[in-house]
Amino acid sequence: MCIFCKIIKGEIPSNRVLESDKFLAFHDINPVAPVHILIIPKEHIGSFHETPKELMGEMTPFIQEVAEKLGLDGSGYRLITNIGDDGGQEISHLHFHLVGGGRLSFPPLHEDYKKSI
Ligand code: 5GP
Ligand code: ZN
């Protein structure tokens, strides 16, 4: 069973922000911004690329509710989902990183890209 499925079952503790019958939001263990939340479906889905559109349709308002609960809907925030090896995905259970709580930078995302142009 994957780490996030264990978090859903409560076998690994997490700091929960919001929960519904289908989704869970909890604080990332290694935050990269003042607010860094992970939002996952309770169903194990490998990544965004395998996600049915019906699930995204239900996940979208849940994500918006998380942002509102954290008071980020006015100031703004960023959603990130890493997909596969090149995307830097470490845990193969669909998750959105919701980050915010201050003005975010947008760093170079590929080491060699700027050197080649
Ligand atoms: P990925 O690289 O797959 O997009 O992101 C995985 C995220 O899960 C990372 O930001 C990492 O800090 C977080 N993470 C890994 N293990 C745990 C854990 O046991 N608990 C929590 N809350 N976050 C975790
Ligand atoms: Zn899982």
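See the structure printed just above.
Here's what I pulled together on the structure shown here.

### Quick word on the coordination of the zinc ion (ligand 2)
The protein atoms that coordinate the zinc ion (ligand 2) are Cys2 (SG), Cys5 (SG), His44 (ND1) and His93 (ND1), at distances spanning 2.1 to 2.3 Å. One way to put it: the four donor atoms around the zinc ion (ligand 2) meet at angles of 99 to 120°, and that makes the site tetrahedral. Along the chain, the residues that donate to the zinc ion (ligand 2) are spaced as C-x2-C-x38-H-x48-H. Taken together, the residues Cys2 in the segment before helix 1 (3-9) and His93 in the loop between helix 3 (84-87) and strand 5 (96-100) connect sequence positions 91 residues apart.

### Some remarks on the site of ligand 1
Neighbouring residues of ligand 1: 16 residues in total, closest Asp28, Asn82, Glu90, His95 and His97. In the environment of ligand 1, a nitrogen atom lies 2.9 Å from a nitrogen or oxygen atom belonging to the backbone of His27. Within the side chain of Asp28, a nitrogen or oxygen atom sits 2.5 Å from an oxygen atom of ligand 1. For ligand 1, the cavity whose grid points lie within 2 Å of the majority of its atoms is the largest pocket. Mapped onto the shell around ligand 1, the elements with two or more residues apiece are helix 1 and strand 2 (23-27). The element best represented in the shell around ligand 1 is helix 1, accounting for three residues.

### Some points on the nonpolar core
One recurring pattern in soluble globular proteins: nonpolar side chains tend to sit buried together. In terms of nonpolar packing, the biggest core is built from 19 residues, with Ala25, Ile37, Ile39, Met59, Val66 and Leu98 touching the most fellow members. Within the residue set of this core, elements represented by two or more residues are strand 1 (16-19), strand 2, strand 3 (35-41), helix 2 (53-69) and strand 5. With seven residues, the top contributor of residues to this core is helix 2.

### Considering the side chain of His93
Under the relative-accessibility criterion, His93 is labelled buried at 0%. Ignoring anything within four residues of it in the chain, the contact list for His93 reads Cys2, Phe4, Cys5, Ile8, Ile40, Pro41, Lys42, Glu43, His44, Ile45 and Gly46.

### So, the layout of surface pockets
The computed volume of the largest pocket comes to approximately 1,000 Å³. Along the wall of the largest pocket there are 35 residues; nearest its centre are Asp28, Val32, His36, Asn82 and His97. Looking at the lining of the largest pocket, the elements with two or more residues in it are helix 1, strand 2, strand 3, strand 4 (77-80), helix 3 and strand 5.

### Comments concerning the sheet that holds strand 4
The strand order across the open sheet built from five strands is 1-2-3-5-4, with neighbouring strands paired in antiparallel fashion. Of all strands in the sheet, those bounded by a partner on one side alone are strand 1 and strand 4. Taking the axes of each pair of neighbouring strands and ignoring which way they run, one obtains an average angle of 20° across the sheet. Most of the contacts of helix 2 go to strand 3, to which it runs at about 155°, and overall it touches strand 1, strand 2, strand 3, strand 4 and strand 5.

Cut-offs applied
Residues numbered from 1 in each chain as written. Chains lettered and ligands numbered in written order. Predicted model: local features only at pLDDT ≥ 70, side-chain atom pairs only at ≥ 80, totals over all residues. Heavy atoms only, no water. Donors = N, O, S within 2.8 Å, 3.2 Å for Na, K, Ca; no water. Tetrahedral: all angles 85-135°; square planar, octahedral: opposite > 155°, others 65-115°. Helix = DSSP H or I, 4+ residues; strand = E, 2+ residues; numbered from the N terminus. Near = heavy atom within 4 Å. Polar contact = N/O pair within 3.5 Å; in protein donor to acceptor, adjacent residues only side chain to side chain. 1 Å grid on protein atoms, 1.4 Å probe; cavity = no way out; pocket = protein on both sides within 12 Å on 5 of 7 lines; lining within 4 Å. Sits in = over half its atoms within 2 Å of the grid points. Core = buried A, V, L, I, M, F, W, Y, C linked by side-chain atoms within 4.5 Å. Buried < 20%, exposed > 50% of the residue type's maximum accessible area, 1.4 Å probe, protein only. Contact = heavy atoms within 4.5 Å. Points joined across faces, edges and corners; volume = space filled by probe spheres on them. Pairing = 2+ DSSP bridges. Axes fitted to C-alpha atoms, helices over the stretch in contact; angles between N-to-C directions.

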